[in-house]
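Residues per chain, in single letters:
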Amino acid sequence: MASIREILSRDPDGATVVVKGWVRTKRETKGTVFLELNDGSCFRNVQCVFDAATLDANSRNALERAGTGAAVAATGSLVSSPAAGQTLEVKASALELIGEADPETYPLQKKQHSFEFLREIAHLRPRTNTFGAVARVRNRMAFAAHSFFQERGFQYIHTPIITASDAEGAGEMFQVTTLDLDAIAKGGKSVDYARDFFGKRSYLSVSGQLNVEAYCMALGSVYTFGPTFRAENSNTTRHLAEFWMIEPEIAFAELPENMELAEDFLKRLLSSALDDCAEDLEFFDKRIQSGLRESLEAVRSSKFAHMSYTDAVAELEKRKDSFEFKPFWGCDLQTEHERFLTEQVVKGPLIVTDYPKELKAFYMRANDDGRTVRAMDVLVPRIGEIIGGSEREYRYDALVGAMKAKGLDPAAYGWYLDLRRYGTAPHSGFGLGFERLIRWVTGMENIRDVIPFPRAVKQAEF
RNA sequence: UCCCCUGUAGCUCAGCUGGCAGAGCAAGUGGCUGUUAACCACUGGGUCUGGUGUUCGAACCACCACGGGGGAGCCA
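Residues numbered from 1 in each chain as written. Chains lettered and ligands numbered in written order. Predicted model: local features only at pLDDT ≥ 70, side-chain atom pairs only at ≥ 80, totals over all residues. Heavy atoms only, no water.

Draft legend 1. View of the overall build of chain A. Per the secondary structure count, chain A includes 14 helices and 16 strands. Each principal axis of the C-alpha atoms in chain A carries an extent, and together these give about 85 × 60 × 45 Å. For chain A, restricting intrachain contacts to residue pairs at least 6 apart in sequence, the fraction spanning at least 24 positions comes to 68%. Total accessible area on chain A is roughly 22500 Å²; 50% of this is exposed by carbon and sulfur atoms. (Helix = DSSP H or I, 4+ residues; strand = E, 2+ residues; numbered from the N terminus. Contact = heavy atoms within 4.5 Å. Areas by Shrake-Rupley, 256 points an atom, 1.4 Å probe, with all protein chains shown as cover.)

What follows is the structure, given as structure tokens:
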């Protein structure tokens, strides 16, 4: 059986084809019925044309009951279409109704639905234009990410999802337990984690970075691409409790090389979207966010701007009055600051480097000035921070000092410190939020609409 | 966690100062010789999110709960 994508690429030579898919719309005139089928293989539908008078009873009955959402198989010949709107169509001679969709109750109609409504039927929304396109782009972006790294000799490392380290320092964690919480609550006793599955408290990982650093110090260029869990009580269009993160880590590399990698990586992903998902992107450009393609094209052919945190703050201070939060050296860059820098100052992606050490994690390489670290955040217009990375602190004493300064116990990081004790070397890496990338590439506003089944605060349906 | 908005038909919404529950789309039926957001006509469709209160009378006012959205913080 050929996919609709494949069928639509053929010549209209009258050959017999069987199209299996789901009915998107049905249009009827007295003698002719038009059925548009989609099978998810591409954005476009294939139009099947039925002459009711020439159909046998079975097909006529199937056609009558084939409403929006029904699964059907149409048999006919592939011909060029006499009407505008499509070049090819299937002149159908038979229709089989595979799975009915009662039009009285099927929630999807042949009209536009709000994303809020579609979120409530997440199991059916992939059957819409928008969510089908999102899924295809998402797939392609994952493929492009692997291709990019594999072509450059990076090794894909599977870092653990469960961790017993409660101090990875990247946010609230979900606790994992096999203890019977109901029984413990009823018993009124305190929890004895020694009796838990791992013999101690354990959590879902908030980052694969610390683990992948170990493999970086053995295999050179490595990356992770896996699910990540954050139990933050954040309710925004850009946070999820469960999301996918890509984290490359490169050995013997300092910050400039890291920035170059991040820029090459993002450009490669954009190129793949523009070239490999042209049809889907055309839809996003037309219906979701106008000017999308042009802005992605512009990024692809631009050079990312670079700015130190200190210079960024100086830039912001010039326009102090236009901000709700007044910028000052040492402040965290607010959303409004990030947007100003990317959308007004550099009008494109911006890499901000060398943040005050107080704002960043313990593992970042300290600069000689004693007050900044070699961090780099990639900010993009509309989205804000899409990548957070750094050169890592590879000097044992400096790393222990940074831990203590942050109130962390070096003893809890024994194996991580071993990496600095034996054959340590400069290395750098970053984390890319995959869903944020998809938001950027598709123009979709809400991060819950670029992952199939979103998990967020008070939201774990489906 | 904080701030703001919102909840009325399957969907998107209107509903004035408190006085008989509305529209468009969808669905059903009929019509139409090729439609493509098809078109035309007709029909059915409601616990106005839930609770409590105020009132002769509540979709509308007050309070509480729940759901949805947006913004901020946290971050990827």
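Further notes follow.
Draft legend 2. Broad picture of the sheet that holds strand β11 (residues 242-251). Sheet architecture is open: 8 strands sit in the order β6-β10-β11-β16-β15-β14-β13-β12, paired in mixed fashion. The open sheet has two edge strands with one neighbour each: β6 (155-156) and β12 (305-308). When strand β14 (residues 372-380) meets strand β15 (residues 384-391), the two strands line up antiparallel, connected through 6 bridges. Looking across to β15, one finds that leucine 379 is bridged to glutamate 385. Running at roughly 30° to β11, helix α6 (residues 209-219) makes contact with β6, β10 (221-229), β11 and β16 (427-433) of the sheet. Of the strands in this sheet, β12, β13 (350-356), β14 and β15 touch helix α11 (residues 335-345), which is tilted by about 60° from β14. (Pairing = 2+ DSSP bridges. Axes fitted to C-alpha atoms, helices over the stretch in contact; angles between N-to-C directions.)

Draft legend 3. Region of interest: the pattern of salt bridges. The full count for this structure, using the stated rule, is 27 salt bridges. A salt bridge links glutamate 279 to arginine 44, with the nearest nitrogen and oxygen atoms 3.0 Å apart. With a gap of 235 residues between them, glutamate 279 in helix α8 (residues 278-288) and arginine 44 in the loop between β2 (32-38) and β3 (46-51) connect regions that are remote in the sequence. Residue class for glutamate 279 comes out partly exposed when judged on its relative accessible area of 29%. Assessed through its relative accessible area of 39%, arginine 44 is described here as partly exposed. Ionic pairing is found between glutamate 391 and arginine 374, a salt bridge with its closest N-O pair at 3.1 Å. Remark: arginine 374 occurs in strand β14 and glutamate 391 occurs in strand β15; sequence separation between them is 17 residues. What emerges from the salt-bridge pattern is a single network uniting Glu254, Arg365, Arg374 and Glu391. (Salt bridge = Lys/Arg side-chain N within 4 Å of Asp/Glu carboxyl O. Buried < 20%, exposed > 50% of the residue type's maximum accessible area, 1.4 Å probe, protein only.)

Draft legend 4. The arrangement of α11 in detail. Taken residue by residue, α11 has His337, Glu338, Phe340, Leu341 and Thr342 as its buried positions. The elements touched by buried residues of α11 are β12, α10 (309-317), β13, β14 and β15. At the C-terminal side of α11, lysine 347 shows a positive phi close to 50°.

Draft legend 5. Broad picture of the protein's contact with RNA strand B. Around RNA strand B, a shell composed of 47 residues is seen, among which Ala84, Thr236, His239, Gln334 and Arg436 lie nearest. When the atoms of RNA strand B within 4 Å of the protein are sorted by group, sugar and phosphate make up 51%. Within the side chain of arginine 119, an N or O atom sits 2.7 Å from a phosphate oxygen of RNA strand B. Contact between RNA strand B and isoleucine 386: a sugar or linking oxygen at 2.7 Å from a main-chain N or O atom of the residue. Looking at the surface near RNA strand B, the elements that each hand over two or more residues are β1 (16-28), β2, α3 (115-120), β11, β15 and β16. With 4 residues, β15 is the largest single contributor of residues to the surface near RNA strand B. (Near = heavy atom within 4 Å. Polar contact = N/O pair within 3.5 Å; in protein donor to acceptor, adjacent residues only side chain to side chain.)

Draft legend 6. Spatial organisation of unusual backbone geometry. Although it is not a glycine, phenylalanine 252 sits at a positive phi angle of roughly 55°. With respect to the helices and strands, the residue phenylalanine 252 is situated in the loop between β11 and α7 (255-276). You will see that arginine 382, though not glycine, has its phi angle at about 75°, which is positive. For arginine 382, the position within the fold is in the loop between β14 and β15.

Draft legend 7. Up close: the packing of α6 against helix α13 (residues 414-421). Orientation of α6 relative to α13, taken along the N-to-C sense of each, is 35°, at an axis distance of 10 Å. Judged by the twist between their axes, the crossing of α6 over α13 is left-handed. Between α6 and α13, the contacting residues are Gln209, Leu210, Asn211, Glu213 and Ala214 on the first element and Trp415, Tyr416, Leu419 and Arg420 on the second. For the contact of α6 with α13, the residue count by class is 5 nonpolar, 2 polar and 2 charged. (Left-handed = near helix turned anticlockwise from the far one by under 90°. Nonpolar A, V, L, I, M, F, W, Y, C, P; charged D, E, K, R; others polar.)

Draft legend 8. Geometry of the domain arrangement of chain A. On domain assignment, one finds that chain A holds domain 1 (4-99) and domain 2 (127-171 + 206-449). At the junction of the two partners, domain 1 supplies 8 residues and domain 2 supplies 8 residues. The junction of domain 1 with domain 2 conceals about 700 Å² of combined surface from both sides, 42% of it contributed by carbon and sulfur atoms. Where domain 1 packs against domain 2, one counts 1 salt bridge. (Domains from an automatic or database assignment. Buried area = accessible area lost by both parts, 1.4 Å probe.)

Draft legend 9. Highlighting the sheet that holds strand β9 (residues 202-204). With respect to topology, 3 strands assemble into an open sheet ordered β7-β9-β8, the strand pairing being antiparallel. In this open sheet, the two strands that pair with only one neighbour each are β7 (162-163) and β8 (175-176). Across 2 bridges, the pairing between β7 and β9 is antiparallel. From the neighbouring strand, isoleucine 162 faces β9, where its bridge partner is leucine 204.

Draft legend 10. Here's a closer look at the side chain of serine 271. Relative to the helices and strands, serine 271 is located in helix α7. What makes serine 271 buried here is its relative accessible area of 18%. In contact with serine 271, other than residues within four places in its own chain, are Asp276 and Arg300.

Draft legend 11. Summary view of helix α2 (residues 57-65). For α2, the complete set of buried residues consists of Ser59, Ala62 and Leu63. Around the axis of α2, the buried residues are gathered within 100° of arc, so they sit on the same side. Exposed residues lying more than 90 degrees from the buried face of α2 are Ala57 and Glu64. For α2, the elements touching its buried residues are β1, β2, β3 and β5 (88-99). (Arc of directions from axis to C-beta.)

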